[in-house]
Amino acid sequence: AQSVTQLDSHVSVSEGTPVLLRCNYSSSYSPSLFWYVQHPNKGLQLLLKYTSAATLVKGINGFEAEFKKSETSFHLTKPSAHMSDAAEYFCVVSDYPLGGNTPLVFGKGTRLSVIA
Amino acid sequence: NAGVTQTPKFRILKIGQSMTLQCTQDMNHNYMYWYRQDPGMGLKLIYYSVGAGITDKGEVPNGYNVSRSTTEDFPLRLELAAPSQTSVYFCASSWPSLRETQYFGPGTRLLVL
């Protein structure tokens, strides 16, 4: 069974400084890994995805994540935080390839605050 | 192109009441999903549908029912509301070949008292 652990429930950074949101996963098979972002009072939006291709994945708005199998990690990074990055971020795992009823397993989320 | 729309945005129910949460998508996606999000928790899948007339249970289906008569609509029914169903409910949709890219609605906040 898959599971995902987001190591920080809340991260606070200053505008212009780097962002690191940590995620460890557990999967019996080759995993697919994703990061979703949820802005206040909005639905979730896919930020980036890893599905067994390049281990360094680039997403929208300057975010990227690196799949490290030896560390079972998929941390999300951004070189310079912007005020608009303040949101809730979810790490998500699933088996690859995604079959008809393969579930997406969501982490508990990390709330990112950006201080001016 | 409105994407995924949900109604209502917010609702207060008394214990034992029933209600239907509406979800509509205009992207012609075959797959649709219902999730609930409890405070400080990730999303849990309630039910999903792979096409009109086909639905299946997710991780937390108890206390809910769904139907899918058209590609566009996927309503979620609560028959006997309980305080444990207080949550934010999200509807989502996707293409079968791109299940990881799910498009979410804005959510329905439900409070059961």
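Located above this text is the structure these notes cover.
As a starting point, this report considers the structure included with it. Within each chain, residue numbers correspond to sequence positions counted from 1 in written order. By the order in which they are written, chains take letters starting at A while ligands take numbers starting at 1. Local features are withheld for residues below a pLDDT of 70 in this predicted model, meaning they are given only at 70 or higher, and side-chain atom pairs are given and counted only at 80 or more; totals for whole chains, interfaces and linings count all residues. As a rule here, side-chain values come from all non-hydrogen atoms in the structure, and water together with hydrogens is ignored.

This paragraph deals with the state of the cysteines. Here a disulfide denotes a covalent bond joining the sulfur atom of one cysteine to the sulfur atom of another. The definition used for a disulfide is geometric: two cysteine sulfur atoms within 2.5 Å. Under the definition given, this model contains 2 disulfides over all chains. Here Cys 23 of chain A pairs with Cys 91 of chain A through a disulfide, and the sulfurs are 2.0 Å apart. Between Cys 23 of chain A and Cys 91 of chain A, the S-S torsion sits near -70°, and that sign places the bridge as left-handed. Highlighted residues: Cys 23 of chain A in strand S4 (residues 23-26) and Cys 91 of chain A in strand S10 (residues 87-95), separated in sequence by 68 residues. Across the pair, Cys 91 of chain A and Cys 23 of chain A agree in class, each one buried. Here Cys 23 of chain B is linked by a disulfide to Cys 91 of chain B, with a sulfur-sulfur distance of 1.8 Å. With the S-S bond torsion at -70°, the cross-link from Cys 23 of chain B to Cys 91 of chain B turns out left-handed. Linking Cys 23 of chain B in strand S3 (residues 19-25) with Cys 91 of chain B in strand S9 (residues 87-94), this pair joins segments that are 68 residues apart in sequence. Whether a residue is buried, partly exposed or exposed follows from its accessible area with a 1.4 Å probe, protein chains only, as a fraction of its type maximum: under 20%, in between, or over 50%, in that order. With a relative accessible area of 0%, Cys 91 of chain B lands in the buried category. The way it works is that DSSP assigns letters per residue, a run of H or I at least four long becomes a helix, a run of E at least two long becomes a strand, and they are numbered from the N terminus.

Turning our eyes to something else, we now look at the interface of chain B and chain A. Contact definition: two residues touch when any of their heavy atoms are within 4.5 Å. Between chain B and chain A, the residue contacts involve 19 residues of the former and 19 residues of the latter. Buried area is calculated as the accessible area (1.4 Å probe) missing from two parts once they are joined, with the contributions of both summed. Of the roughly 1,600 Å² buried between chain B and chain A, counting both surfaces, carbon and sulfur atoms make up 55%. Here, a salt bridge means any side-chain nitrogen of Lys or Arg that lies within 4 Å of a carboxyl oxygen of Asp or Glu. In this assembly, chain B and chain A are joined by 0 salt bridges. Here a polar contact is recorded for every N or O atom pair within 3.5 Å, except that within protein the pair must consist of a potential hydrogen donor and a potential acceptor, and residues adjacent in sequence are included only if both atoms are side-chain atoms. Where chain B touches chain A, the interface holds 2 residue pairs in polar contact (both at pLDDT 80 or more). At the level of secondary structure, the elements contributing two or more residues to the side of chain B that touches chain A comprise strand S4 (31-37) and strand S5 (43-51) of chain B. Following the grouping adopted for this structure description, the nonpolar residues are Ala, Val, Leu, Ile, Met, Phe, Trp, Tyr, Cys and Pro, the charged ones are Asp, Glu, Lys and Arg, and the polar ones are all others, Gly among them. Considering only residue class, the side of chain B that touches chain A consists of 10 nonpolar, 6 polar and 3 charged.

So, about the environment of Glu 79 of chain B. Residues and elements named next belong to chain B. Note that Glu 79 resides in the loop between strand S8 (76-78) and S9. Assessed through its relative accessible area of 37%, Glu 79 is described here as partly exposed. For Glu 79 and Gln 17, which are 62 residues apart along the polypeptide, the C-alpha to C-alpha distance reads 6.9 Å. Those residues within four positions of Glu 79 in sequence are excluded, and the remaining contacts are Gly 16, Gln 17, Ser 18, Gly 63 and Asn 65.

The nonpolar core is taken to be a set of buried Ala, Val, Leu, Ile, Met, Phe, Trp, Tyr and Cys residues, with the residues joined through side-chain atoms within 4.5 Å. Counting 26 residues, the largest nonpolar core has Leu 21, Trp 35, Leu 48, Phe 74, Leu 76, Tyr 89 and Leu 112 of chain A as its most contacted members. Of the residues forming this core, the biggest block, 4 residues, is contributed by S10 of chain A. Listed in part, the 20 residues of the second largest apolar core include Val 4, Leu 13, Val 66 and Cys 91 of chain B.

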